[in-house]
Amino acid sequence: MHVYSQVRERLPHRRQYAVPGLVCRYMGNLTDRDVRLWRLVSAAVIALEIALPPALLVEQTMPYAVAAGIGMHAAFTCLKPRQLITFSGLTVGTYLGFAA
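Residues numbered from 1 in each chain as written. Predicted model: local features only at pLDDT ≥ 70, side-chain atom pairs only at ≥ 80, totals over all residues. Heavy atoms only, no water.

## What about the overall build of the chain?
Each helix and strand in the chain was counted, giving 5 helices and 0 strands. Counting from the amino terminus, helix and strand elements in the chain follow one another as α-α-α-α-α. With 100 residues in all, the chain has 19% of them scored as buried. By sequence separation, contacts in the chain at least 24 residues apart represent 47% of the contacts at least 6 residues apart. When the accessible surface of the chain is totalled, it reaches about 7100 Å², and 67% of it is carbon and sulfur. (Helix = DSSP H or I, 4+ residues; strand = E, 2+ residues; numbered from the N terminus. Buried < 20%, exposed > 50% of the residue type's maximum accessible area, 1.4 Å probe, protein only. Contact = heavy atoms within 4.5 Å. Areas by Shrake-Rupley, 256 points an atom, 1.4 Å probe, with all protein chains shown as cover.)

Below, the structure is given as structure tokens:
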């Protein structure tokens, strides 16, 4: 987040990112607290990615796993839409396939 705030005006397609101001304001520095927070967020996303496939196979947890997967991949698209639109779109489609 810190690097993004420093170089965002120099990036090609610089207006394409949808990082909320709240995230930049409270998690956009490189203080020790922010680094710990981003590590926690990263670990949570990795744990969610590991937990989603088995949760999709259990009938009771499937609706929650579908909602979590769609939300997570929508957030990924907000962070880097140009690079991740195809990946996130296909992933969301597969989650919807589980729901059908």
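## As for helix α4 (residues 62-79)
With 18 residues, α4 extends 26 Å from end C-alpha to end C-alpha; this agrees with the ideal 26 Å at 1.5 Å per step. When we look at burial in α4, the residues that qualify are Ala 65, Val 66, Gly 69, Met 72, His 73 and Thr 77. Seen along its axis, α4 keeps its buried residues to an arc of 140 degrees; they face one direction. Projecting away from the buried face of α4 at angles above 90 degrees are the exposed residues Tyr 64 and Ala 67. (Expected span 1.5 Å × (residues − 1). Arc of directions from axis to C-beta.)

## Side note on helix α3 (residues 32-57)
Between its first and last C-alpha, α3 extends 39 Å over 26 residues, near the 38 Å set by a 1.5 Å rise per residue. Maximum bend of α3: about 35 degrees, positioned at Ala 51, with proline Pro 53 one to four residues after it. Among the residues making up α3, those that are buried are Asp 34, Leu 52, Ala 55 and Leu 56. (Bend = angle between axes of the 7 residues up to and from the residue.)

## Notes on a nonpolar patch on the surface
A surface patch of nonpolar side chains, amounting to about 300 Å² of accessible area, comprises Leu 57, Val 58 and Phe 98. Among the structural elements, Phe 98 can be located in helix α5 (residues 81-99). By relative accessible area, which is 37% here, Phe 98 ends up partly exposed. (Patch = residues over 30% accessible without salt bridge, like charges linked within 9 Å, V, L, I, M, F, W, Y side chains within 5 Å. Salt bridge = Lys/Arg side-chain N within 4 Å of Asp/Glu carboxyl O.)

## Notes on the nonpolar core
Listed in full, the 7 residues of the largest apolar core are Leu 52, Ala 55, Leu 56, Ala 65, Val 66, Met 72 and Tyr 95. Of all the elements in the fold, those that place two or more residues in this core are α3 and α4. With sequence-adjacent residues up to four places away left out, Leu 56 is seen in contact with Met 62, Ala 65, Val 66, Tyr 95 and Phe 98. (Core = buried A, V, L, I, M, F, W, Y, C linked by side-chain atoms within 4.5 Å.)

## Comments concerning the environment of Ala 75
Checked against the element boundaries, Ala 75 lands in helix α4. Residues Ala 75 and Ser 88, 13 residues apart in the sequence, show an inter-C-alpha distance of 9.3 Å.

## A word on the side chain of His 73
Its location among the elements puts His 73 in helix α4. The buried category is assigned to His 73, whose relative accessible area is 2%. Those residues in contact with His 73, other than ones at most four positions away along the chain, are Glu 49, Phe 87, Ser 88, Thr 91, Val 92 and Tyr 95.

Interpretation note: all reported values are geometric properties and have no functional meaning in isolation.
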